[in-house]
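As a plain string of letters, each chain reads:
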Amino acid sequence: MKFYSLNNQNTQASFKEAVIAGIAPDKGLYFPERVTPLPADFFENIETLSNHEIAFKAILQFVNEDIPDEALKDIIAHTLDFDFPVVEIEENVATLELFHGPTMAFKDVGARFMANCLSYFSQGEKQDVTVLVATSGDTGGAVANGFLGVDGVKVVILYPSGKVSDIQEKQLTTLGQNIEAMEVNGVFDDCQRMVKTAFLDTEITDHKKLTSANSINVARWLPQLFYFLFAFKQAKSKGKEIVFSVPSGNFGNICAGMVAQKLGMPVKQFVASTNVNDVVPKFMENGVYEPMSSIATISNAMDVGDPSNFIRIRHLHKDDLKTLRKHLSAYSFTDDDTKTTMKKVYSNTGYVLDPHGAVGYLGLTEYQKSHPDAYGIFLETAHPVKFLDVVEETLGISPEIPPQIMKVMDKEKKSHQISSYDTLKSYLLDN
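Fair warning: this is a prediction, and the values are worked out from it, not measured in the lab. (Residues numbered from 1 in each chain as written. Predicted model: local features only at pLDDT ≥ 70, side-chain atom pairs only at ≥ 80, totals over all residues. Heavy atoms only, no water.)

Novice: Quick rundown of the sheet that holds strand 13 (residues 375–380)? Include the residues and the values.
Specialist: Taking strand neighbours across the sheet as the criterion, the six strands line up as 4-5-13-10-11-12 in an open arrangement whose pairing is mixed. In the strand order of this sheet, the two ends are held by strand 4 (86–90) and strand 12 (328–332), each with one partner. Taking each pair of neighbouring strands and ignoring which way they run, the sheet shows an average axis angle of 25°. Two elements, strand 11 (residues 269–274) and strand 12, share five bridges in a ladder whose sense is parallel. Residue Val 271 lies in a different strand from strand 12, and its bridge partner there is Ser 329. Lying over the sheet, helix 13 (residues 279–286) contacts strand 11 and strand 12, oriented at roughly 125° with respect to strand 12. Running over the sheet, helix 17 (residues 355–368) touches strand 4, strand 5 (93–97), strand 10 (242–247), strand 11, strand 12 and strand 13 and is turned about 165° from strand 13. (Pairing = 2+ DSSP bridges. Helix = DSSP H or I, 4+ residues; strand = E, 2+ residues; numbered from the N terminus. Axes fitted to C-alpha atoms, helices over the stretch in contact; angles between N-to-C directions. Contact = heavy atoms within 4.5 Å.)

Structure representation (structure tokens):
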């Protein structure tokens, strides 16, 4: 299968080429030339399949020309060695817990899948690959953990100074080895802008092989469809129409869910739940896409003012707003809304939401006001302990710190402070 640039469909690449390049030469995101639905019996009998079997069948069409079946099965086995439980917390309301991986965030799946793909592709290669990634929170830790010690791969992570949680910062600045952290004086959009600029800077790319581990990269983005299928497998027996509510920042996660829908997953609707960075809810309302400067919130991983992956969602629906509205609803919520919901859910059920999951819950319950019979699953994208200060302040409790987090707490932070693209460029050229 070929992947084409969303800026020019004549610009094409294989899966391997798209993964290594990260972004197309014309700045476009890569998109698969087709999404072929899986056989109906795949979904009819999905309960009989293991998660590894589901993932293999779902991703095969996108990668099989570059990765042999046995190698793909190994990549999946190294990616999916933890659970993805759907936990019911109220009638018709459940959460898909995506925090049982090594960095306790949903991005563990995409980061590990991509790392294993790059490791496979780099066998026998003479030139190292430099993975350049911007993070608003959890991406950095997931990428750092996924790529740690991978031969032939160096990782440079840009994150906005003072705008990620302490635990998130520890996870991306303390590992050493082939991981370098760049602490940017700015916001996430500044980090993302620097990364995109570097990819188009021939003074760098003539000497270094760069790729991105943000969700703009097809190997980070596509495997996120796995856990939507795992959730459908668990919820299918409810016999109700299923709705997914996804806390959304850069919109790669919800876009991957929509690819699962295109594969034939019988899901009624997706809800994009955002904080006050509400570019997409406004677009869904008035049809005008107006990027904004990102606003800092307590759900910091969603503080994105110009979500890269929304163009993929629009393309998936032929850039027709009427068609898109049939599959996507979007709502935005304030920090006060988020804290109130965290308190309410904890008081009523004992369940501790992280601030991102709380936004997902809010979006789901807003949708259910007009669709009360829908069975809703909101994504709990990170463990609440990763936002310990918000949880302690809001709920007055201190969740037990899991071992995945404990192991980085006492390590020394090491980062390079930068305030301009030129500083990043100099570092990349000198190292």
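Having seen the structure, we can now continue with the description.
Novice: Give me the UniProt feature "modified residue: N6-(pyridoxal phosphate)lysine" (unreviewed entry) in the protein chain: which residues, what numbers.
Specialist: According to UniProt, the feature "modified residue: N6-(pyridoxal phosphate)lysine" (unreviewed entry) maps to Lys 107 in the numbering used here. Along the chain, Lys 107 turns up in helix 5 (residues 107–121). (UniProt positions renumbered as here; feature names shortened; annotations may be inferred.)

Novice: Describe the sheet that holds strand 14 (residues 416–418), naming the residues involved and giving the relevant values.
Specialist: Sheets are built from strands paired through backbone hydrogen bonds, the pairs being either parallel or antiparallel. If you walk across this open sheet you meet the five strands as 9-6-7-8-14, and the pairing is parallel. Bordering the open sheet on either side are strand 9 (209–212) and strand 14, each of which pairs with just one other strand. Averaged over all pairs of adjacent strands, the angle between their axes in this sheet comes to 25°, without regard to strand direction. By the bridge criterion, three bridges tie strand 8 (residues 179–184) to strand 14 in an arrangement that is parallel. When the bridges of strand 14 are listed, Val 184 appears paired with Ile 418. Each of strand 6 (129–134), strand 7 (153–160), strand 8 and strand 14 is contacted by helix 20 (residues 421–430), which is oriented at about 165° to strand 7, the strand it contacts most.

Novice: Can you tell me about the packing of helix 3 (residues 51–63) against helix 11 (residues 225–235), naming the residues and giving the values?
Specialist: Where helix 3 contacts helix 11, the two axes come as close as 10 Å, and the packing angle between them is 130°. It follows that helix 3 is oblique to helix 11 by the angle criterion. Helix 3 and helix 11 meet at a crossing whose hand is right-handed. In contact with Asn 51, Ile 54, Ala 55, Ala 58 and Ile 59 of helix 3, helix 11 contributes Leu 225, Phe 226, Leu 229, Phe 230 and Lys 233. Residue composition of the contact of helix 3 with helix 11, grouped by class: eight nonpolar, one polar and one charged. (Parallel < 35°, antiparallel > 145°, perpendicular 65-115°, else oblique. Left-handed = near helix turned anticlockwise from the far one by under 90°. Nonpolar A, V, L, I, M, F, W, Y, C, P; charged D, E, K, R; others polar.)

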